[in-house]
Amino acid sequence: MSETISTAAPESVAAAEDFRPLPKAMRLQDVAVSFSGKQAVRDVTFDVPEKRVTSLIGPSGSGKTTLLRALNRLHDLTKGATVEGTLLLGETDIYKGGIPPTLLRTRVGMVFQRPNPFPTMSIYDNVVSGLRFNGIRKRAVLQEAAESALLGAALWDRVKDRLKAHASTLSGGEQQRLCIARALAVEPEVLLMDEPTSALDPISTKRIEELIGELKDRVTIVIVTHNMQQAARVSDQCAFLLMGEDGAGHQVEVAATQKLFSEPDDPRTLDYIHGRFG
Amino acid sequence: MTDVLEQLPKDPILERRELVKAVSARTLRRRSLTSKGMVGLCALAFVLALVPLVAILYSLVSKGLHWWSREFFTTSPAVPSIGNPNNVGGFANAIVGTLVIIGLATLLAIPVGLLAGLLVAESDSRFARMLRSTAEIMTGLPSILLGIFAYTVLVIGGEKWGITFPTIGYSGIAGAFAIGVLMVPIIMKASEASLRSVPQVVKEAGLALGARRSVVARRIIVPTALPGLITSVLLAVSRGVGETAPLIWVVGASIYNPLTWNPHHPMSAIPMMIWLNYNSPYPGFQDSAWGIALFLVVVVLFLNLGCRLLAAFIQRERR
């Protein structure tokens, strides 16, 4: 279990981790996302260190979710959406590198705001659905993956005796962990989480937050959150976005979470984390 | 929990990641071919569905358009003769007849249909449930039965089932009654659907402010559902405009019904005119049915188009 949750800033910024030597799961260079020509987010440049948690924070309209959805091209589904700049997954440019979006999305998974298990499928079928969609049929592989993913999502003990039960028999928090297991089963390199606890009660929220800490060894996580305490608790690196005069969100500051929450470089970051606006 | 995770060998995860990558890349071609094939099938089905429509429009235009003239729309049917077999005049009596019959039918059907729609959308009482099933049966009722019904109670009238009905004879009123009864369940079902689509939370917000249900219905539910309500009425109108069978029973099935705005008289109607003309012994009448049919299709098309545009307009005004 993770240690007691603390939102207090660390005493020294020197304790903040230096991510520079770490391998990069993703790299964003001058990324801008537009809808029908109108920019929704622009000037985003940062690296996502491997096997760390990166949080995106900022007020409503700052483009956090938009940016997140650009990272696995879910965006392509929105009419008129375009992405500029360079977005690398490992060494591959995910927009210009010729990788089919369907293959990209097996490598960059997503967990949504509200638990969205497939309503007609059992717990087991939900977990292995990603593998089946991608053409994996071998039962042994599916079963092993299901167990591993459910263990990873801290749901195995709860559901191992009723894998054939409907997903709707689970509570909201359990459904969300099922969705995490479903995303994990294809073993993505990066897991995107879009305010994964905003529809959950505090206890379920705490379990998801603990889970995020445990999953770091397995997958790189990028999480959007409205809750700054949550960002402080779960993330190693934090990107602060803000809506500019032009109505487009842009990056204000990206730093180690400890540094961003104690000694941010930009005064606007300090104002935001102290609740002076937004 | 951490213990379990630590005991987990790390390799299976990496192995599985590689497996997913390999298999998904390998099966991608097959999967995207399947996907393209399915899209192709959908497109094919769409085209197939379009074929009859295009064929109908084509034959109507090619056979009917040459009949269109000012006289065709502004005069009543003439009397062809052997020397002048194409002297068929126009069908102005049917245009006026349809305007009057559909106008009256709509006036009758709107209040009944919308109020009943509101009831079945908002109430779960036994009566409301009965009404809903009745409406469902009514929409499936062959329209000719409504003609027989209106014929019995209004055209013949008199003493029936212990009730004395007025005897009004072949008339626009009887036609409007038959078409109106036909339109009610259509309006009811379509308006119910749009009234039900108003989110429960919005209704509850009104109730939580102390509003009575009637106030919530009038100030919140109906305005929110308005585009759908208008659509439901226009849907019923465009259905009513094309109805033939009930009218043949009750408005007087003659080509030479008078051109009149008075619904007490026998009246003609556009779809009935097509049928009557086609059944006439005169080739001129038979052929001019195409011209009338083309007009009817254009009217129904514009009704549907107008209804969509209106709903879209209201929707946009709200933004």
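Residues numbered from 1 in each chain as written. Chains lettered and ligands numbered in written order. Predicted model: local features only at pLDDT ≥ 70, side-chain atom pairs only at ≥ 80, totals over all residues.

**Q** Got a sec to walk through the overall build of chain B? Specific residues and values, please.
**A** Of the regular secondary structure elements, chain B holds 12 helices and 2 strands. Its C-alpha radius of gyration of 28 Å places chain B more than 25% over the 20 Å reference for a compact globule of 319 residues. Along the longest, intermediate and shortest principal axes, the C-alpha atoms of chain B span 100 × 55 × 40 Å. Here the analysis covers contacts within chain B between residues at least 6 apart in sequence; of these, 73% occur between residues at least 24 apart. (Helix = DSSP H or I, 4+ residues; strand = E, 2+ residues; numbered from the N terminus. Rg over C-alpha atoms; globule rule 2.2 N^0.38 Å. Contact = placed C-beta atoms within 7 Å.)

**Q** Can you lay out the overall build of chain A for me, pointing to particular residues and giving the numbers?
**A** Along its length, chain A carries 10 helices and 10 strands. Across its three principal axes, chain A shows a C-alpha extent of roughly 55 × 45 × 35 Å. Looking at the 278 residues of chain A, the share that counts as buried comes to 49%. (Buried ≥ 20, exposed ≤ 12 C-beta atoms within 10 Å, placed from the backbone.)

**Q** For the environment of E195 of chain A, give the residues involved together with the corresponding values.
**A** All names here are of chain A. Inspection of the secondary structure assignment puts E195 in the loop between β7 (190-194) and α7 (202-215). Using a count of 21 C-beta atoms within 10 Å as the deciding quantity, one classes E195 as buried. Along the backbone, E195 and T65 are 130 residues apart, and their C-alpha atoms lie at a distance of 8.6 Å. Among residues more than four places away in sequence, those in contact with E195 are Q113, V224, T225 and H226.

**Q** If you had to explain the pairing of strand β8 (residues 220-224) of chain A to someone new, which residues and values would you point to?
**A** Residue and element names in this part refer to chain A. Of all the 5 residues making up β8, 5 are buried; the element is thus mostly covered by neighbouring parts of the structure. Where strand β3 (residues 53-57) meets β8, 4 bridges bridge the pair, whose relative direction is parallel. By the bridge assignment, S55 is partnered in β8 with I223. The pairing of β7 with β8 spans 5 bridges and is parallel. Bridge pairing in β8 links L192 to V222. A crossover links β7 with its parallel partner β8, the connecting element being α7, and its sense is right-handed. (Pairing = 2+ DSSP bridges. Right-handed = clockwise from strand over helix to strand, strands pointing away.)

**Q** Describe in detail the sheet that holds β3 of chain A, supporting the description with residues and values.
**A** Residue and element names in this part refer to chain A. Spatially, β5-β4-β1-β2-β10-β9-β3-β8-β7-β6 is the arrangement adopted by the 10 strands of the open sheet, whose pairing is mixed. Both outer strands of the open sheet, β5 (92-93) and β6 (108-111), are each paired with one neighbouring strand and no more. Packed onto the sheet, helix α6 (residues 172-184) meets β6 and β7 and runs at close to 170° relative to β6. (Axes fitted to C-alpha atoms, helices over the stretch in contact; angles between N-to-C directions.)

**Q** Can you lay out the domain arrangement of chain B for me, pointing to particular residues and giving the numbers?
**A** You can read the domains of chain B as domain 1 (2-59) and domain 2 (70-318). Distance from the C-alpha centre of domain 1 of chain B to the C-alpha centre of domain 2 of chain B: 46 Å. (Domains from an automatic or database assignment.)

**Q** Quick rundown of unusual backbone geometry? Include the residues and the values.
**A** All names here are of chain A. Although it is not a glycine, D30 sits at a positive phi angle of roughly 50°. Position of D30 relative to the elements: it lies in strand β1 (residues 24-35). Within the chain, K51 stands out as a residue other than glycine whose phi angle is a positive 55°. On the secondary structure map, K51 appears in the loop between β2 (38-49) and β3.

**Q** Before we move on, could you go through the interface of chain B and chain A and cite the residues and values that matter?
**A** Taken together, the contact between chain B and chain A spans 17 residues of the former and 19 residues of the latter. Looking at the side of chain B that touches chain A, the elements with two or more residues in it are α1 (2-7) and α2 (11-64) of chain B. If you tally residues by element for the side of chain B that touches chain A, the top one is α2 of chain B, at 12 residues. Across the side of chain B that touches chain A, the residue classes tally to 11 nonpolar, 3 polar and 3 charged. (Nonpolar A, V, L, I, M, F, W, Y, C, P; charged D, E, K, R; others polar.)

**Q** Quick rundown of the confidence of the model for chain B? Include the residues and the values.
**A** Here chain B averages 86 in pLDDT, while 97% of its residues score no lower than 70. Element-level mean pLDDT values for chain B span from 60 in α1 of chain B up to 92 in helix α4 (residues 92-122) of chain B. (pLDDT = per-residue confidence, 0-100.)

**Q** Tell me what's going on with the pairing of β7 of chain A, and back it up with residues and numbers.
**A** Residue and element names in this part refer to chain A. Of all 5 residues in β7, 5 are buried; the element is thus mostly enclosed. With burial as the criterion, each face of β7 is covered, one bearing V190, L192 and D194 and the other bearing L191 and M193. As paired strands, β6 and β7 are joined by 4 bridges and run parallel to one another. Note that in β7 the partner of M110 across the bridge is L192.

**Q** Tell me about helix α3 (residues 123-133) of chain A, and name the residues and values.
**A** Each α-helix winds once per 3.6 residues, and so residues spaced three or four apart point in a common direction. Looking only at α3 of chain A, the buried set comprises I123, N126, V127, V128, G130 and L131 of chain A. At the C-terminal side of α3 of chain A, G135 of chain A shows a positive phi close to 95°.

**Q** I'd like a description of the environment of L99 of chain B, backed by residues and values.
**A** Residue and element names in this part refer to chain B. Of note, L99 is situated in helix α4. Taking the number of C-beta atoms within 10 Å as the measure of exposure, L99 has 16 and is therefore partly exposed. For the pair L99 and A269, spaced 170 residues apart in sequence, the C-alpha to C-alpha distance is 8.4 Å.

**Q** Kindly report on α4 of chain B, identifying the contributing residues and their values.
**A** Between its first and last C-alpha, α4 of chain B extends 44 Å over 31 residues, near the 45 Å set by a 1.5 Å rise per residue. Of all bends in α4 of chain B, the biggest is about 30°, found at A109 of chain B, and the proline P111 of chain B comes one to four residues later. (Expected span 1.5 Å × (residues − 1). Bend = angle between axes of the 7 residues up to and from the residue.)

**Q** So what's going on with the nonpolar core? Residues and values would help.
**A** If you look at the biggest cluster of nonpolar residues, it comprises 84 residues, and the most contacted ones within it are A181 and A185 of chain A. When sequence neighbours within four positions are dropped, the list of residues in contact with A181 of chain A reads V127, A149, L150, G152, A153 and L155 of chain A. Residues L118, A150, I173 and L195 of chain B belong to the second largest nonpolar core, which totals 70 residues. (Core = buried A, V, L, I, M, F, W, Y, C linked by C-beta atoms within 7 Å.)

**Q** An account of the packing of α6 of chain A against α7 of chain A is needed here, citing residue identities and associated values.
**A** How two helices sit against one another is set out by the angle between their axes and by the gap between those axes. Residues and elements named next belong to chain A. Where α6 contacts α7, the two axes come as close as 9 Å, and the packing angle between them is 20°. Regarding the angle of α6 to α7, the classification is roughly parallel. Viewed along their axes, α6 and α7 form a crossing whose handedness is right-handed. Of the residues in α7, those touching α6 at G172, G173, Q176, R177 and I180 are S204, R207, I208 and L211. Here the residues of the contact of α6 with α7 are counted per class, giving 3 nonpolar, 4 polar and 2 charged. (Parallel < 35°, antiparallel > 145°, perpendicular 65-115°, else oblique. Left-handed = near helix turned anticlockwise from the far one by under 90°.)

**Q** So what's going on with the environment of A149 of chain A? Which residues, and what values?
**A** Position of A149 of chain A among the secondary structure elements: in helix α4 (residues 139-152). In this structure A149 of chain A touches V127, A181, L184 and A185 of chain A, once residues within four positions along its chain are discounted.

**Q** Tell me what's going on with the confidence of the model for chain A, and back it up with residues and numbers.
**A** This prediction gives chain A a mean pLDDT of 88; 94% of its residues lie at or above 70. The low-confidence segment residues 1-6 of chain A (pLDDT under 50) makes 6 contacts with residues lying over four places distant or belonging to another chain.

**Q** Could you give an account of the packing of helix α6 (residues 143-156) of chain B against helix α7 (residues 172-196) of chain B, naming the residues involved and the relevant values?
**A** Residue and element names in this part refer to chain B. Packing of α6 against α7 brings their axes to within 9 Å, and their N-to-C directions diverge by 140°. In this view, α6 runs oblique relative to α7, as classed from their interaxial angle. The two elements α6 and α7 cross, and the hand of that crossing is right-handed. Contacts between α6 and α7 involve S143, L146, G147, A150, L154 and V155 from the former and A174, F177, A178, V181 and L182 from the latter. Broken down by class, the residue content of the contact of α6 with α7 amounts to 9 nonpolar, 2 polar and no charged.

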